[in-house]
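Architecture and fold: a report
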Amino acid sequence: MGDPPVSAEGTNIDGETPAVEPTSVTDEATITDDAELERTLGLSGGLAIGIGTMIGAGIFIFPGLAAGQAGPAAAASFALGAVVALLVALPASELATAMPKSGGGYYFISRGLGTLAGAVVGLSLWFGLVFATAFYLVGFGYYAVDTLAEVGIAVGEGFVIPIALLFGAGFTVLNVTGTENAAKLQNGIVALLLSILVAFLGYGSLDAVGVIGASATPEQFAPFGAFPVVTTAALVFTSYLGFAQVATVAGEMKDPGRNLPLAMVGSVLIVGLLYVVTIFVATSAFESQTLAGFGETAMVEVGRHYLGAAGAFAIVFGGLLATMSSANASILSTSRAIYAVSKDALLPRRASRINLRYGTPHVALGLAGGPILVLTATGRVELLAEVASFLHLIMYGLICVALVALRRDEPDWYDPDFRVPGYPIVPALGAIASFGLIAFMQPASQIVGIGIMLATAGWYAYYAQDVTLKGAL
Amino acid sequence: MTTQDDRNTTMTRVLVPLAILEGESVSAGLTTLLEPMNVTVLGYHVLPEQTPPDQARLQYGDRATDALADIATEFGSADVPAEYRLVFTHNRKRTIDRVATETAADAYAIRGATGPVERLLVALTGDVAVDRICAFVSALVAGREIDVTLFLATDHEPTGRELLDRAAAAISDHAVAVRTELAVDEPPFDALLDAAIDHDAIVMGERAPSLRSIVFGDDAERVAAGSVGPVLVVRTDAEDAKSTADRSAQTAAADVESAGDRDAPDDQ
């Protein structure tokens, strides 16, 4: 790994120093001077985290909202989102192969751009994931109510939030008390979900282009013009927030030089394609205003349109699985994000304590679960989604900046297995696009997002001003 | 490829995996049994998926290292402790396999409760060539007061008898006393556990993962659980596994393997 890198310095207000030690990385383990850390996640595990986190929102929550804002051109919004995600996924892949550690984006930025940027991103990522998880949970609530309606129990929309809260608390408790097979379960759910979607979208596409059944509803592609396509892209960007979560488990991935780029780029390409086809199928079934009227669970009506009751049931079932897997994967990422900042003394070390009984990080999971429940209770789907996107986009933009900063003056330890093609254009575009999408968000989301960033910067100034992380691998 | 003679002259290495933070340690009997061997103590800690291994290392690393260093002196001496490694992992089996390969261990131990080992049961099962098991046992018991019982479960008596006799001949130069025990047409797993009752420890061959081992657990783990005593599992090495597979059509080794494959005890 080259010469010994700069070591982390300084203490926080509690007198804790960053726990940074020299390590060497092999394909199968990370070796520190007193222990080895086994790498146990394969490519399929990485893809399952990426796809599992992303797919819940794009297909099962957004089609109605997006079509209402942009018409059939919402497909272009999703495609635009995928391009932005790819422009960030490539630089993130390079950084992840150079620093295959827990913490993902936070880690790259704190090492590439210094402690202030790192602290703001690391703590904002915590809140970004909390907002995203609350958003997935509210979506889950809608699907749970619809599932009950499909089986003949009409409980009404008043139960959406209580159900979301119940399951949010349930996932948190489940993660604390620990199921060793959580990851395998996640893989299975993602595989089942992909099968349902490919079958449904395949049938729907054939129908929509008129190969089978009646031909599609003719409608102008972009009835509201081009501008809403971009604002909608800003809204639905939440559907792409999962790829960077792959980097939060970079420290546990086998053969990281190969698997990390494949998992990040691959999951963006797979879900991007599915999203675009979903919007095409949905807007072919109904006019966009009708879709918008169906709300969060518009896809259920699309399923009913193509395949009757069976189609509707397949979609509500898929929606339950998808929003559940997104929420659960995000809770896990949140706890890893908290661990990463606490390890570097930006939060009290006790935030990453593990309990002896279950071997799980109960404090970090609690710090994830508590705020998630508060936000879920608000039930503001669009605001939750946009704030989550805002905070993630800041991180994505800074990931690109960090890549450029590191490349301009490559430290000895910087030796990525994967180098981004098209440097410096790709990271430059990635940064511009990430920051650019923020400009198209609703003012309320921007204010909340900026408020959170200022708060995290304030925390850094109060708590950990003396801590130096730049270049401390 | 090393010859039989080379194997006997080079020290044999045994990996001893221990769930170090769960307070696992080794019985005095196993420590004594492994005295002639090169021992690597593998302290591991298995974490649920939601916990990054590094997070556990940060919290428990020092405590685990202290405990491991103590155990390492039990295997070697206070001056020259045995080698040890500490691994935080999500997957115990993968960790044992990786470290065993990296240290070129010939066998790994499943700890168990035992006093001094006076009688050793050697099961000629699994995917490991009988020659390799015999070489390991010879190195283990050489010059010591340990009686060896060679055990084989088969449904074809003549070839089984022949294999046992050949193995007994190979070991007899090194062991004080060698007995053979052949179980014909009995469920191999139960027969092995029955035979284990009046023995202090078991040596057996590793077996490739199968559907059955995924459902009921690893063969060796089940034998260890059923017999209570320590189990030493002789690993296949890549070349042996290949040559065994090549020969398996016509030799008795094939009988041993297939006899084992047909049993499906589910007492776990």
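Residues numbered from 1 in each chain as written. Chains lettered and ligands numbered in written order. Predicted model: local features only at pLDDT ≥ 70, side-chain atom pairs only at ≥ 80, totals over all residues.

Side note on the overall build of chain B
Each helix and strand in chain B was counted, giving 11 helices and 9 strands. By the burial criterion, 50% of the 268 residues in chain B qualify as buried. The contacts in chain B between residues at least 6 apart in sequence include a share of 81% that link residues at least 24 apart. (Helix = DSSP H or I, 4+ residues; strand = E, 2+ residues; numbered from the N terminus. Buried ≥ 20, exposed ≤ 12 C-beta atoms within 10 Å, placed from the backbone. Contact = placed C-beta atoms within 7 Å.)

What about the interface of chain A and chain B?
Opposite the 29 residues of chain A that make contact, chain B presents 25 residues. For the side of chain A that touches chain B, the elements supplying multiple residues, two or more each, are strand E3 (36–38), helix H7 (182–208) and helix H12 (298–343) of chain A. If one sorts the elements of the side of chain A that touches chain B by residue count, H12(A) sits on top with 5 residues. Tallied by class, the residues present in the side of chain A that touches chain B amount to 10 nonpolar, 10 polar and 9 charged. In the sheet, E3(A) pairs with strand E3 (residues 83–89) of chain B via 2 bridges, with the strands oriented parallel. Of the residues in E3(B), the one forming a bridge with Leu37(A) is Phe88(B). (Nonpolar A, V, L, I, M, F, W, Y, C, P; charged D, E, K, R; others polar. Pairing = 2+ DSSP bridges.)

Describing the confidence of the model for chain A
Residue and element names in this part refer to chain A. For chain A, per-residue confidence averages 87 on the pLDDT scale, and 95% of positions sit at 70 or higher. Mean pLDDT across the secondary structure elements of chain A bottoms out at strand E1 (residues 24–25), with 84, and peaks at helix H16 (residues 443–463), with 94. The low-confidence segment residues 1–5 (pLDDT under 50) makes 13 contacts with residues lying over four places distant or belonging to another chain. (pLDDT = per-residue confidence, 0-100.)

A look at unusual backbone geometry
Residue and element names in this part refer to chain A. In this chain, Tyr423 is followed by Pro424 through a cis amide linkage whose omega measures 5°. Positionally, Pro424 belongs in the loop between helix H14 (381–408) and helix H15 (425–439). With phi around 40°, Asp255 is a residue other than glycine that occupies positive phi space. Residue position: Asp255 is located in the loop between helix H9 (243–248) and helix H10 (256–285).

Focus on H12(A)
Residues and elements named next belong to chain A. The end-to-end C-alpha separation of H12 is 43 Å, well short of the 68 Å expected for 46 residues at 1.5 Å each. A bend of about 145° at Leu307 is the largest found in H12. Summarising burial for H12: 37 of the 46 residues are buried, a large majority. Two residues or fewer after H12 comes Ala345, characterised by a positive phi angle close to 70°. (Expected span 1.5 Å × (residues − 1). Bend = angle between axes of the 7 residues up to and from the residue.)

Remarks on the pairing of strand E8 (residues 201–205) of chain B
Residues and elements named next belong to chain B. Buried residues dominate E8, accounting for 5 of its 5 residues. On E8, burial covers both faces: Ala201, Val203 and Gly205 on one face and Ile202 and Met204 on the other are all buried. As paired strands, strand E5 (residues 119–123) and E8 are joined by 4 bridges and run parallel to one another. Considered in E8, the bridge of Leu120 is made with Ala201. One ladder, built from 4 bridges, connects E8 with strand E9 (residues 231–234); its direction is parallel. If you follow Val203 over to E9, its bridge partner there is Leu232.

A short note on the domain arrangement of chain B
Residues and elements named next belong to chain B. Domain annotation of chain B identifies domain 1 (9–106) and domain 2 (119–262). Listed per partner, the contact involves 10 residues of domain 1 and 10 residues of domain 2. The leading source of residues in the side of domain 1 that touches domain 2 is helix H2 (residues 28–33), at 3 residues. Among the residues making up the side of domain 1 that touches domain 2, the classes are represented as 7 nonpolar, 2 polar and 1 charged. (Domains from an automatic or database assignment.)

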